[in-house]
Amino acid sequence: MTMSTGSSDMLIPGERRRVMQACWSVPDIREACRNWTDTMGIGPFYLFENLHVDSVNYRGTPTSTTFSIAMAQAGGIQIELVEQHCDNPSAYRDFVAKGANGFHHIAIYVEDYDAALKHYTDKGFVAAIDGCFGEMRFAYVDTSAVLGCMVEIIEHHPIQDEIFARVTEGAANWDGITDPIRAAMPV
């Protein structure tokens, strides 16, 4: 695989350079939330349990994945934790073995999903997984050879705006003690 890594004509618009999230793949999401809160004081975590996506391709092959995620805001970056529940092939298991805990990806939130994905594929990177979560498109681009992690591209969507705003507001108003793990809020 040939990857172009530099020159000013390869720069991408600012929104695609703004990392808004860092994610860890974990074996037990509730324990990971407690560890982050106890160790770093980050919270509250909003827990979205037993999500299922079946409109995805894993390295070009259709698949489905069942997982849970938890999100908390830590200053200008969102911390996401993900636990995969099924044994189907996925981008999560590309880096972090079942039962292990490890850094997985950084995320960018973009208005122009197609342009963002094209930026990476034009550089020789491939989408390890891509598809839809509801109406929102997303992809995990395998940039591990040069970054040591994947880049998630998240397509802008009003429902996602609301979720991100609630996570940010929750952190801003949190007393550091009350309900450090919260059920995902209705959208």
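Residues numbered from 1 in each chain as written. Predicted model: local features only at pLDDT ≥ 70, side-chain atom pairs only at ≥ 80, totals over all residues. Heavy atoms only, no water.

Participant: Even after reading the chapter, I still don't get the overall build of the chain, so can you show me in this structure?
Facilitator: Secondary structure assignment for the chain yields 5 helices and 9 strands. Counting from the amino terminus, the chain carries its helices and strands in the arrangement β-α-β-β-β-α-β-α-β-β-α-β-α-β. With 187 residues in all, the chain has 46% of them scored as buried. A separation of at least 24 residues holds for 64% of the contacts in the chain among residues at least 6 apart in sequence. (Helix = DSSP H or I, 4+ residues; strand = E, 2+ residues; numbered from the N terminus. Buried < 20%, exposed > 50% of the residue type's maximum accessible area, 1.4 Å probe, protein only. Contact = heavy atoms within 4.5 Å.)

Participant: I would appreciate a short explanation of the environment of Ile-69 in the present structure.
Facilitator: Along the chain, Ile-69 turns up in strand β3 (residues 61-74). The class for Ile-69 is buried, based on a relative accessible area of 11%. C-alpha of Ile-69 to C-alpha of Glu-80: the two residues are 11 residues apart in sequence and 6.8 Å apart in space. Apart from residues no more than four positions distant in its own chain, Ile-69 is found in contact with Ile-29, Tyr-46, Leu-47, Phe-48, Leu-51, Glu-80, Leu-81 and Val-82.

Participant: How should the pattern of salt bridges be read in this particular structure?
Facilitator: Note that side chains of opposite charge can pair when their charged atoms are close. For the structure shown, the criterion picks out 9 salt bridges. Between Arg-166 and Glu-162 there is a salt bridge; the shortest N-O distance is 2.4 Å. Of this pair, Arg-166 and Glu-162 both sit in helix α5 (residues 158-172), 4 residues apart, which is roughly one turn of the helix. Within this structure, Arg-59, Asp-94 and Asp-142 form a network of salt bridges that share partners. (Salt bridge = Lys/Arg side-chain N within 4 Å of Asp/Glu carboxyl O.)

Participant: Hey, could you run me through the pairing of strand β5 (residues 102-110) in this one?
Facilitator: Successive side chains on a regular strand alternate, one facing one side of the sheet and the next facing the other. Most of β5 sits inside the fold, with 7 of its 9 residues counted as buried. In this sheet, β5 lies alongside strand β1 (residues 21-25) in antiparallel orientation, the contact comprising 5 bridges. By the bridge assignment, Gln-21 is partnered in β5 with Ala-107. Here 6 bridges tie β5 to strand β8 (residues 150-155), and the two strands are oriented parallel to one another. Among the inter-strand pairings, His-105 is bridged to a residue of β8, identified as Met-150. (Pairing = 2+ DSSP bridges.)

Participant: Looking at this model, I keep getting lost on helix α1 (residues 29-40). Mind explaining?
Facilitator: Helical periodicity: at 3.6 residues per turn, an α-helix aligns residues three or four positions apart in one direction. With 12 residues, α1 should cover 16 Å at 1.5 Å per step; its first-to-last C-alpha distance of 16 Å lies within 8% of that length. The set of residues buried in α1 consists of Ile-29, Ala-32, Cys-33, Trp-36 and Thr-37. The arc that holds every buried residue of α1, seen down its axis, measures 130°, which confines them to one face. Opposite the buried face of α1, at more than 90 degrees from it, the exposed residues are Asp-38 and Thr-39. The backbone nitrogen of Arg-30 has a side-chain oxygen 3.2 Å away, supplied by the residue at the start of α1, namely Asp-28. Two residues or fewer past α1, Gly-41 is found with a positive phi of approximately 75°. (Expected span 1.5 Å × (residues − 1). Arc of directions from axis to C-beta. Polar contact = N/O pair within 3.5 Å; in protein donor to acceptor, adjacent residues only side chain to side chain.)

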